[in-house]
Amino acid sequence: MQLMIKTQQWLVDGKEDAQLAEALEQAGAALAAGALVAFPTETVYGLGADARNSQAVERIFAAKGRPSDNPLIVHIADREQLDEMVLPYPQLASELMDHFWPGPLTIVLPAREGVLSPLVTAGLATVGVRMPRHRAALALLREAGCPVAAPSANRSGRPSPTLAWHVQEDLEGRIEGIVDDGPTGVGLESTVVELPEPGVIRILRPGGVTREALAHAFPGIFIDSEATGEEDVSAPRSPGMKYTHYAPQGELHIVLGDDSEAAASYIREQQSSARRRGETTGILAFAERLAGYEADQVLSLGSEHELENAAHLLYAALRRMDACGVQRIWAEGCVTDGIGEALMNRMVKAAGGRTIRL
Ligand code: TXA
Ligand code: MG
């Protein structure tokens, strides 16, 4: 049983720089003093704690109900903070930082011993680091003055939060504060990469920085990947990939087909028979076919030609299905180009691998 504590809100959405600075000075001081503070980034809301403070970091795991063998990403505001916590790293890593930081790219680097809490790295010799591209996040990190460990600010197994309200839903009474700066941008988590050998970037988790963007920035480099969404997850290199993530309470099925009308017909048939069985149903579909569906909840992912929008909407839609007690959900799949790769990865995971190909 966890004791309930008061969760303070710092609303900075739409605030001028001066007001933002005042709120974040308080929130930053709380972080530096060992408190748990959730904050927005350009991907999803994170649950922050001083990465050097084991007591604080331990409380992240407790508040989320997160398995302790799943390491946390460390967030920094300045490159100077990096050298204190990592050992010398390949030139390619620093070129990646030049290109994509601040931004949704987490780079796995060799950790310097004795600096970060061992709970952050979950016993690995490496640490995942990123610099978020977000005004409030960067200001908060500067105020805190310490490296900040922050997983997504959801209860383990729930969709990552893209609104401060989602954080409240999951963590109110378990953390000291939430910085509310409105909806996050990308809506899916950062891309996690490691550099296993010269000339190779390996994607451990697809995310906000796409494979195409990596390939474009580094034409001579081989972009390898571990995670495709349907991979064998028995021995993942990114420990977090082995857990069921983002699973809605209802049973979710992803429906894929070269012929999108055939996929739509299949979804309609499945929905009607579930309806006849008395089940509550939900459909997640692209705008192009939305009007053709009937269900208790029909939610739009926007146009199938603007998958950035779908990425932005996915987690809130999954939360909505839960809030409405939907028992059976079908989601239209999409192409895996660009952000579509991360989107399908998260959808297939949310579905526990239940993918139907027509
Ligand atoms: O966008 C994001 O990355 C968000 C925001 C808050 O920054 N954070 C986030 O954290 O998604 P989390 O804890 O939900 O996911 C971190 C992922 C996990 O899959 C974890 O296993 C992996 O990164 N990871 C962390 N450190 C690692 C390491 N040293 N080696 C391999 N994978 C690592
Ligand atoms: Mg997470």
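Everything below is about the structure printed above this text.
Only a predicted model underlies this, so the values are computations on that prediction, with no experimental measurement involved. (Residues numbered from 1 in each chain as written. Chains lettered and ligands numbered in written order. Predicted model: local features only at pLDDT ≥ 70, side-chain atom pairs only at ≥ 80, totals over all residues. Heavy atoms only, no water.)

A. Up close: the layout of surface pockets. In this structure, the second largest pocket occupies an estimated 480 Å³ of space. Every element with two or more residues in the lining of the second largest pocket is listed here: β12 (251-256), α9 (260-276) and α11 (340-350). Here the residues of the lining of the second largest pocket sort into 11 nonpolar, 6 polar and 7 charged. (1 Å grid on protein atoms, 1.4 Å probe; cavity = no way out; pocket = protein on both sides within 12 Å on 5 of 7 lines; lining within 4 Å. Points joined across faces, edges and corners; volume = space filled by probe spheres on them. Helix = DSSP H or I, 4+ residues; strand = E, 2+ residues; numbered from the N terminus. Nonpolar A, V, L, I, M, F, W, Y, C, P; charged D, E, K, R; others polar.)

B. The sheet that holds strand β4 (residues 73-75), seen in detail. Ordered in space as β1-β8-β2-β3-β7-β4-β6-β5-β9-β10-β11, the 11 strands form an open sheet in which the pairing is mixed. A strand with exactly one partner marks an edge of an open sheet, and here the two such strands are β1 (8-11) and β11 (222-225). Where strand β5 (residues 105-110) lies against strand β9 (residues 191-194), 3 bridges are found, and the strand directions are parallel. Residue pairing across strands places T106 opposite V192, the latter belonging to β9. Of the strands in this sheet, β3 (46-50) and β7 (148-149) are in contact with helix α2 (residues 54-64), which crosses β3 at around 155 degrees. (Pairing = 2+ DSSP bridges. Contact = heavy atoms within 4.5 Å. Axes fitted to C-alpha atoms, helices over the stretch in contact; angles between N-to-C directions.)

C. Quick look at empty space enclosed by the protein. What the rule picks out here adds up to 1 cavity of 30 Å³ or more. Considering only enclosed or pocket space, the largest cavity measures out at about 40 Å³ in volume. What lines the largest cavity is T191, I203, P206, G207, V209, T210, R211, G338, E341 and A342. Class assignment of the residues belonging to the lining of the largest cavity gives a composition of 4 nonpolar, 4 polar and 2 charged.

D. Highlighting the pattern of salt bridges. Following the criterion strictly, the structure yields 22 salt bridges and no others. For R158, the salt bridge is made with D170, and the minimal N-O distance between the two is 3.3 Å. Taken together, the positions of R158 in the loop between β7 and α7 (164-171) and D170 in helix α7 put the pair 12 residues apart, joining distant regions of the chain. Residues R202 and E194 are paired through a salt bridge, measuring 2.7 Å at the closest nitrogen-oxygen approach. R202 sits in the buried class, given a relative accessible area of 18%. Overall, the relative accessible area of 9% leaves E194 in the buried class. Among the charged side chains, a salt-bridge network with shared partners connects R158, E169, D170, R319 and D322. (Salt bridge = Lys/Arg side-chain N within 4 Å of Asp/Glu carboxyl O. Buried < 20%, exposed > 50% of the residue type's maximum accessible area, 1.4 Å probe, protein only.)

E. Layout of the sheet that holds strand β14 (residues 297-300). Reading across the sheet, the 5 strands line up as β14-β13-β15-β12-β16 and stay open at both edges, with parallel pairing between neighbours. Here the strands that pair on one side only, and so sit at the sheet edges, are β14 and β16 (355-357). The sheet shows a mean angle of 20 degrees between the axes of neighbouring strands, direction not considered. In terms of strand pairing, strand β13 (residues 281-285) meets strand β15 (residues 328-332) through 4 bridges, oriented parallel. Bridging from a neighbouring strand, G282 pairs with I329 of β15. Against the sheet, α9 touches β12, β13, β15 and β16, its axis set at about 175 degrees to β15.

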